[in-house]
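Single-letter residue listing:
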Amino acid sequence: MSALTLVPGDVRLADLEAIHRGRLVVRVGRAARPAVAAAAARVAAAVGAGKPVYGVNTGFGKLANVRIAPADTARLQRNLVLSHCAGVGERTENEIVRLMMVLKLISLARGASGVRWPLIELIEAMIERDVLPVVPAQGSVGASGDLAPLAHMAAVMIGEGEAEFGGKVMAGGAAMRAAGLEPIELAAKEGLALINGTQFSTAYALAAVFDAWRLAEAALVVSALSTDAIMGSTAPLRPQIHELRGHRGQIEAAAIMRALMQGSAIRESHREGDSRVQDPYCIRCQPQVTGAAIDLIRQAGRTLEIEANAVTDNPLVLSDDGLIVSGGNFHAEPVAFAADQIAIAVAEIGSIAQRRVALMVDPTLSFDLPPFLTPEPGLNSGFMIAEVTTAALMSENKHLAHPCSIDSTPTSANQEDHVSMAAHGARRLMRMNANLRRILGVELMCAAQGVEFRAPLLTSAPLQAVVARLRRDVARLTDDRYLAGDIDRAADLVASGEVVRATGHDSLLAAGEGA
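Predicted model, so just to flag it, every value in this text is computed and none were measured.

Conventions we followed
Residues numbered from 1 in each chain as written. Predicted model: local features only at pLDDT ≥ 70, side-chain atom pairs only at ≥ 80, totals over all residues. Heavy atoms only, no water. Phe/Tyr/Trp six-rings, centres within 6.5 Å; stacked < 30°, edge-to-face > 60°. Helix = DSSP H or I, 4+ residues; strand = E, 2+ residues; numbered from the N terminus. Buried < 20%, exposed > 50% of the residue type's maximum accessible area, 1.4 Å probe, protein only. Lys NZ or Arg CZ within 6 Å of the ring centre and 35° of its normal. Pairing = 2+ DSSP bridges. Arc of directions from axis to C-beta. Contact = heavy atoms within 4.5 Å. Salt bridge = Lys/Arg side-chain N within 4 Å of Asp/Glu carboxyl O. Core = buried A, V, L, I, M, F, W, Y, C linked by side-chain atoms within 4.5 Å.

Student: Could you give an account of the packing of aromatic side chains, with specific residues and numbers?
Tutor: Per the counting criterion, the structure on display carries two aromatic pairs. Where Phe 200 meets Tyr 204, the ring centres are 5.2 Å apart and the plane angle is 80°; that geometry is what we call edge-to-face. Taken as a pair, Phe 200 and Tyr 204 lie in helix 9 (residues 199-229) at a separation of four residues, close to a single helical turn. We classify Phe 200 as buried; its relative accessible area is 1%. Between the NZ or CZ atom of Arg 276 and the centre of the ring of Phe 367, over which it lies, the distance is 3.6 Å. In this structure, Arg 476 is placed above the aromatic ring of Phe 453, and the distance from its NZ or CZ to the ring centre is 4.7 Å.

Rendered as structure tokens:
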């Protein structure tokens, strides 16, 4: 198993994606240890001094004015974790839980949370030995952080709750012992440091941005193939057009599509004598739409990279100033905004892709392709209902793209009176990406079929390679057949990066700052 050393405050998106997509052993760089120890000592000193410090020797939320006796410090933290294990709903995917644990590790190791080093080592060991807490997906409003989900993680660390180990779900304490680990007794503030923070929402949003980036790249490939299938013009891809506007994503999208279509005999065949003056917007405005979505995803990625390195619990230990101060870094508004940005981008990529599917199956708009891309229309329905499926998925994503960050409701007896709703804002992105991959999968099938109808004319070499890759898993549609499995296989090619790799590149877009 590969190992990765994390430098708290300087962990990059590429590292986080590698962690998300593969089981890596992670270690916090030991240079972080002195700052962690200093903050823990500051908390211990506060306990000894007897002055009220929120979450150290007081109650929580609306009960912050209740003083806790020094003898009850450990019990206070244990009670906090157990009382906050109130999550409900489906179990969070293991990949998200593992990423959430890594994010908590990064945050605690910044040395502003007041936890002891052995707590950090325990999280490292749980990740390495694959002890994965069972975390219900619902229950967080995104302030004070993701309390319920993170409490379910923390419960396993103290021998409670449930966890998966060795492919089996068992009691948290049993999972820890089976992995050769001992549950920890929490010291002052440690329970609060574990359950307070945005790591659940951020983990979901990061997973979504990684997948959305792949889908955006695939959309450029598939849309270039669709353009050739309907014998669309490449004039709108001229670089001067996009440079005059200046948006990075638009410039990149046009350049990638130009390169992909270079050398297409289909394109060359209708440069002269084509009676059409302009293509529909779903062909002509692809760089403007998909490029704008790419810019949004890139910006969201940068926000999430910052958040992944952030300290988001409360109170914070400011060791240099000798203070323990209550603040509001647990409020997940940046994550909620990023999730809404990703949602809008994913919805729009799917919206314009669906219109290209509709264009290709419509004989009045597809420039002489047969109705519904079937060689015997009437006897066969071809891609008629596959197009309807894309319309359903597109519409569903439009509804899911409604911003979550503009919602709020007061909780905890009005003490926590404005919240971010980042958690479900990030979770819905999994469903939206799943919808988009299928829209693009259907478009890939239609575009390949359309290009094949242009024989003996051929598309460009990179796009021929894309069609050939598809045909290894999905045969050309002649007579009607059961299509659901084909759609899923095409969608998997899109989501896995295979469509992009077929062009001869591992990646088409320079991630730059943020993705």
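Moving on from the model shown.
Student: Which residues make up the sheet that holds strand 7 (residues 168-171), and what are the values?
Tutor: What the three strands build is an open sheet, ordered 4-6-7; its pairing is antiparallel. Only two strands of the sheet have a single neighbouring strand rather than two, namely strand 4 (132-133) and strand 7. Of the pairings in the sheet, the one linking strand 4 to strand 6 (residues 162-165) comprises two bridges and is antiparallel in character. Residue pairing across strands places Leu 132 opposite Glu 164, the latter belonging to strand 6.

Student: Can you break down helix 1 (residues 13-21) residue by residue, with the values?
Tutor: Among the residues of helix 1, Leu 13, Leu 16, Ile 19 and His 20 are the ones counted as buried. Buried residues in helix 1, looked at end-on, bunch into an arc of 120°, giving them a common side. In the core, the buried residues of helix 1 are packed alongside strand 1 (3-6), strand 2 (25-28), helix 4 (94-108), helix 9 and helix 14 (286-308).

Student: Please provide a residue-by-residue account of the pattern of salt bridges, values included.
Tutor: Between side chains of opposite charge, pairing is possible as soon as their charged atoms come close. The final tally for this structure, using the stated rule, is 28 salt bridges. For Arg 428, the salt bridge identified is with Asp 340, shortest N-O distance 2.4 Å. Taken as a pair, Arg 428 in helix 17 (residues 422-453) and Asp 340 in helix 15 (residues 333-361) lie far apart in primary sequence, 88 residues in all. With relative accessibility at 5%, the residue Asp 340 sits in the buried group. The salt bridge involving Glu 396 is made with Arg 431; its shortest N-O contact spans 2.9 Å. With a gap of 35 residues between them, Glu 396 in helix 16 (residues 384-400) and Arg 431 in helix 17 connect regions that are remote in the sequence.

Student: Residues and numbers for the nonpolar core, please.
Tutor: Ranked by internal contacts, the top residues of the largest apolar core, which has 155 residues, are Leu 16 and Leu 194. Among the elements that take part in this core, helix 9 stands out by supplying 21 residues, more than any other. Every residue in contact with Leu 194, bar those within four places of it in the chain, is listed here: Lys 104, Leu 108, Leu 119, Ile 123, Leu 150, Met 153, Ala 154, Met 157 and Leu 186. Among the nonpolar cores identified, the runner-up in size contains seven residues, and Ala 39, Ala 46, Val 53 and Val 317 belong to it.

Student: Can you lay out the side chain of Ser 144 for me, pointing to particular residues and giving the numbers?
Tutor: Position of Ser 144 relative to the elements: it lies in the loop between strand 5 (136-138) and helix 6 (147-157). Beyond its immediate stretch of four places on either side in the chain, Ser 144 contacts Asn 196, Gly 197, Phe 330 and Glu 416.

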